[in-house]
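Notes for the structure review
Each chain is listed here by its residues.
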Amino acid sequence: MTAETISSSDRVLRQQVLGSRRLSNYFWATVVSLGATGFVLAGLSSYLHKNLLPFADPTQLIFVPQGLVMGLYGTAGILLALYLWMMIFLDVGGGYNEFNKETGFVKIFRWGFPGKNRQIEISSRTEDVQSVRVEIQEGLNPKRALYLRIKGRRDIPLTRVGQPLSLSELENQGAALARFLAVPLEGL
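Nothing here was measured: the structure is a model prediction, and the numbers come from that model.

One open sheet holds the 4 strands; their spatial order is 8-7-6-9, and the pairing between them is mixed. Each having just a single partner strand, strand 8 (156-157) and strand 9 (185-186) make up the two edges of the open sheet. Note: strand 6 (residues 129-137) against strand 7 (residues 143-150), 8 bridges, orientation antiparallel. Bridge pairing links glutamine 137 to lysine 143 in strand 7. The sheet contacts of helix 3 (residues 167-181) involve strand 6, strand 7 and strand 9, and relative to strand 6 the element is tilted by about 175°.

Structure (C-alpha cells):
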C-alpha cells in the first residue's frame, strides 16, 4: 500500500495500492523483450545466412541445433515478455482501500487477471471490523504486511505484494488506520 492518500478527511480514508505498474516490472519487461528479440534475430540470421544483428555475426552458427535452439529460446522469451507487458498494462494487483464512515462501509478493490473475476471487490460494514493486524516476518524472504480482520471472514491483505514496506512506514500506516477505524492494532 503506498500510503498515497487520495482523499483523507475525518469521514473518508482512501489509499491507493500499487499493482504491476512498478519500476522494477518495467525494467524486467524491457530486459526480457530486448534479450528475446536478440535470440530470435540470431536464430533467423543462422537460418537465412544474413546478418540481422548489428553487434554480432550469428550467420556463422549452424542452424540445427544452435540456431534452432536460439530461436526457441527467443520465442519463449517473447512470450514471457508479452505476459509481463500485459500484466503491466492491466495493472494486476492495483486498486484502492476505502474506509468510509459516512456510508459505514469498507471497500477493498483490486484489479485481477483477465476473465470472469477481473475486478476483485470486497465490501463490509465498518462495525464488523475487529482490528488491524500487522504481520512481520524477517529472514531470507521478509514479509511485512497489514491485514484487516473482519468478523466471519479471513484476514484481508491491505498492502501491495512484492517489495516489503519499511518497519516505520508499516507501523505508521497500521496505527493511522486503526485510529481512523477506532479498532485495536494487533501484532506489534
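The structure having been displayed, the exposition proceeds.
UniProt annotation of "transmembrane region" (unreviewed entry) refers to residues 26-48 and 68-90 when read in the numbering used here. Counting secondary structure, residues 26-48 comes out at 100% helix and 0% strand; the distance between its end C-alpha atoms is 33 Å. The span residues 68-90 is 100% helical and 0% strand by assignment, and the distance between its end C-alpha atoms comes to 33 Å.

Turning next to unusual backbone geometry. Most peptide bonds adopt trans geometry, and most residues besides glycine take a negative phi value. The linkage connecting valine 64 with the following residue, proline 65, adopts the cis geometry, with an omega of 10°. At histidine 49, a residue that is not glycine, the phi angle is positive and equals roughly 55°. Residue class for histidine 49 comes out exposed when judged on its relative accessible area of 60%. Even without a glycine there, the phi angle at alanine 182 is positive, about 60°. Tracing the chain through its elements places alanine 182 in the loop between helix 3 and strand 9. In this structure alanine 182 comes out as exposed when scored by relative accessible area, which is 69%.

Bringing helix 3 into the picture now. Here helix 3 spans 21 Å end to end across 15 residues, near enough to the 21 Å set by a 1.5 Å rise per residue. Among the residues of helix 3, Leu170, Gln173, Gly174, Leu177, Ala178, Phe180 and Leu181 are the ones counted as buried. Taken end-on, helix 3 shows its buried residues confined to a sector of 160°, consistent with a single buried face. Turned more than 90 degrees away from the buried face of helix 3 sit Asn172 and Arg179, all of them exposed. Buried residues along helix 3 sit against strand 2 (12-17), strand 3 (95-100), strand 6, strand 7 and strand 9. Phi turns positive, to about 60°, at alanine 182, one or two residues after helix 3.

About the thresholds
- Residues numbered from 1 in each chain as written.
- Predicted model: local features only at pLDDT ≥ 70, side-chain atom pairs only at ≥ 80, totals over all residues.
- Heavy atoms only, no water.
- Pairing = 2+ DSSP bridges.
- Helix = DSSP H or I, 4+ residues; strand = E, 2+ residues; numbered from the N terminus.
- Contact = heavy atoms within 4.5 Å.
- Axes fitted to C-alpha atoms, helices over the stretch in contact; angles between N-to-C directions.
- UniProt positions renumbered as here; feature names shortened; annotations may be inferred.
- Buried < 20%, exposed > 50% of the residue type's maximum accessible area, 1.4 Å probe, protein only.
- Expected span 1.5 Å × (residues − 1).
- Arc of directions from axis to C-beta.

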